[in-house]
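Report on the structure
Now for the letters of each chain:
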Amino acid sequence: MQKGLSDSPRSRHEPVVIETRLDVLAIGDAVVDVLASAEESLLLEEGLVKGSMQVLDAEGATRLYAKMSQAREVSGGSAANTMAGVAALGGRAGFVGQVAKDQLGEIFTHDIRAHGVEFETPPIDSGTPTGRCLILVTADAQRTMNTYRGAAHELAASALDPDQIRGAAILYLEAYLWRSEGPRAAMAEAMRIAHEAGRKVAFTLSDIACIKPHRAEIVAMLERGDIDLLFANEAEIRALAGIEDRDAAIAAIEAKVPLLVVTCGADGAMASQGGRRVSVPIARIGKGVVDTTGAGDLFAAGFLVGQARGESLEESLRIGSIAAAEVISHFGARPEADLRALVAAT
C-alpha cells in the first residue's frame, strides 16, 4: 500500500515520505460482542429502545446476559470491527485497547489476532473484568446494543507504544472510548505522537449518545486541526452541527476538517474534501439486510483502506459501501465473505 491518507489541499499537517509498517492503527473499546436473536418483548421488558445503545453496570450486564438466547461471542468494539475489516481487505491493521486477565480477555486477544490484526496491549489485573457488548438483534435486523465498559475504559497513556503509532499511516479513534477521562488522555497523547510523525488522524463520532456531552471538545479539536478525517452518519452530523437539516449540517462541519465522510442511509455516502463533494449509492450484496451491526464500522474500514492505497474519494467510498453491504447481509459485525474478491468483482 502507499504511505498514507491522500493529502487534502487543506491539510494542516505536511506529508512526509516515511515508510509505514501499518496502514491503520485504531484505539478503541476492547470488548467481547455477545450477539443473540431477541424478541421485541425482551426489549419492552428491559425498557430498551430498539436500535439504541446504552451503558450497563456490572449487575445490569449480568442480568441481561442471563435473559439472552443462545449467543455467539467474538472480539468486538467499533474500532476493533473496523480493523478486522481493514485486515480482511488486505490492509495492515493494528489495534490498541484494554482487556483484563480473564476468560473474555483471552477470547478478545485470540479472536482479533486471528483476524490478522496486530494487538499487543498488555492485559491488566485491576479487578475490573473485560468489557462486553450484549447485542440483541430483532427480526427486522435492528440491533440494540447494551455495553458494559469494564477494563476497556481503564486504558491509560502508559499502554501506548509510540513507535507503533509512528509506524501507522493513519491513526483511527472512536468516540465511544472518548467518554472516559483516562482513555481520552491516551487518545490525545496518541494524536500528538501521530501528528509529530507526520501521520493522519481519523475520528469517528460513533453514536449520537457520544456527542452531546463532548460536542464542544470535538468541535474544538476540529478547529485546532487535531482531526484530519471525520466519520459520521447523518444523525451524528446533525447532532455535532446542532442543525436539523442534513445538508446544512454537512456544510457547517466540512469547513472545519480537511476530509469529512458521512453515511446517509438509503442515500448512500458522501465525502467532502477541499470544497469538493462526491457521493456513491449504497451497494447491494447477497440477500439484503439481515443484521445492521457493524455497518458503519465496515464502511470506515473500506474507506480507510482506499485512502491508505491512495485511491480517489469515489473509489474509497465504493470500497466502504461494498464492505458495509457485505456485513449487513449476515449475522454479526465481522465480514464472512472474501472482501477483496467482492471489491474486485463489484
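Located above this text is the structure these notes cover.
By convention here, each chain's residues receive numbers from 1 onward along its written sequence. Per-residue local features of the predicted model are confined to residues with pLDDT of at least 70, and side-chain atom pairs are confined, for both listing and counting, to 80 or more; whole-chain, interface and lining totals are unaffected and use all residues. Only hydrogens and water are set aside; all other atoms, that is, all heavy atoms of the structure, feed into the side-chain values.

**So, the nonpolar core**
In terms of nonpolar packing, the biggest core is built from 52 residues, with Ile-27, Leu-171, Phe-203, Leu-230 and Leu-240 touching the most fellow members. Top element by residues in this core is helix H7 (residues 181-196). It accounts for six residues. For Phe-203, the contacting residues outside a window of four places in its chain are Leu-173, Ala-175, Trp-178, Ile-218, Met-221, Ile-227, Leu-229, Leu-230 and Phe-231. Working definition of a nonpolar core: buried Ala, Val, Leu, Ile, Met, Phe, Trp, Tyr and Cys residues. They are joined through side-chain atoms within 4.5 Å. With a 1.4 Å probe rolled over the protein chains alone, any residue whose accessible area is under 20% of its type maximum counts as buried; one over 50% counts as exposed, and the rest are partly exposed. Secondary structure elements are taken from DSSP: a helix is a run of H or I of four residues or more, a strand is a run of E of two residues or more, and numbering for both begins at the N terminus. Here, residues are in contact when the closest pair of their heavy atoms is within 4.5 Å.

**A few points about the sheet that holds strand S8 (residues 143-148)**
Here five strands make up an open sheet; going across it, the order is S3-S8-S7-S2-S4 and the pairing mixed. This sheet does not close on itself; its edge strands, each paired only once, are strand S3 (53-55) and strand S4 (72-76). Each neighbouring strand pair of the sheet contributes to a mean axis angle of 25°, computed without reference to strand direction. By this definition, two strands are paired if DSSP reports at least two bridges between them. Here, axes are lines fitted to C-alpha atoms. For helices the fit covers the stretch in contact, and angles between N-to-C directions go from 0 to 180 degrees.

**Focus: the sheet that holds strand S14 (residues 276-280)**
Strand order in this open sheet of nine strands is S6-S5-S1-S9-S10-S11-S12-S13-S14, and the pairing throughout is mixed. Of all strands in the sheet, those bounded by a partner on one side alone are strand S6 (118-119) and S14. As paired strands, strand S12 (residues 259-263) and strand S13 (residues 269-273) are joined by five bridges and run antiparallel to one another. For Val-262, the partnering residue across the bridge sits in S13 and is Met-270. Strands strand S11 (229-233) and S12 of the sheet are contacted by helix H10 (residues 234-241), whose axis makes an angle of about 110° with S11. The strands touched by helix H13 (residues 313-327) are S12, S13 and S14; relative to S14, the strand with the most contacts, the crossing angle is about 30°.

**Structural notes on the pattern of salt bridges**
The term salt bridge refers to a side-chain nitrogen of Lys or Arg lying within 4 Å of a carboxyl oxygen of Asp or Glu. For the structure shown, the criterion picks out 21 salt bridges. Close ionic contact of Glu-46 with Arg-63 constitutes a salt bridge, the shortest N to O distance being 2.9 Å. Remark: Arg-63 occurs in helix H2 (residues 58-67) and Glu-46 occurs in helix H1 (residues 40-46); sequence separation between them is 17 residues. Judged by relative accessible area, which is 42%, Arg-63 ranks as partly exposed. The salt bridge involving Arg-246 is made with Asp-247; its shortest N-O contact spans 3.8 Å. Linked through salt bridges whose partners overlap, the residues forming this network are Glu-45, Glu-46, Arg-63 and Lys-67.

**Regarding the environment of Asp-33**
Note on placement: Asp-33 falls in strand S2 (residues 31-37). Apart from the residues within four sequence positions on either side, Asp-33 is in contact with Arg-72, Glu-73, Val-74, Ser-75, Gly-76, Gly-77, Asn-81, Cys-133, Ile-135 and Ala-333.

**So, H7**
Take the number of residues in a helix, subtract one, and multiply by 1.5 Å to get its expected span. If you check H7, its first and last C-alpha atoms are 23 Å apart, about what 16 residues at 1.5 Å a residue would give, namely 22 Å. Within the sequence span of H7, burial applies to Pro-183, Arg-184, Ala-186, Met-187, Ala-190, Met-191, Ile-193, Ala-194 and His-195. The inward-facing, buried residues of H7 contact strand S1 (22-27), helix H5 (162-166), strand S9 (168-174), helix H6 (175-178), strand S10 (200-204) and helix H9 (215-224). At the C-terminal side of H7, Gly-198 shows a positive phi close to 80°.

**With respect to the pairing of S8**
Where burial is concerned, most of S8 is hidden: six out of the six residues are buried. Note that strand S7 (residues 131-137) and S8 share six bridges and pair antiparallel. By the bridge assignment, Ile-135 is partnered in S8 with Met-145.

**Some thoughts on the pairing of S11**
Most of S11 sits out of view: four of its five residues are buried. As paired strands, S10 and S11 are joined by three bridges and run parallel to one another. Within S11, the position partnered with Ala-202 by the bridge is Leu-229. Taken together, the five bridges between S11 and S12 define a ladder with parallel strand orientation. The residue bridging Phe-231 from the neighbouring strand is Val-261, located in S12.

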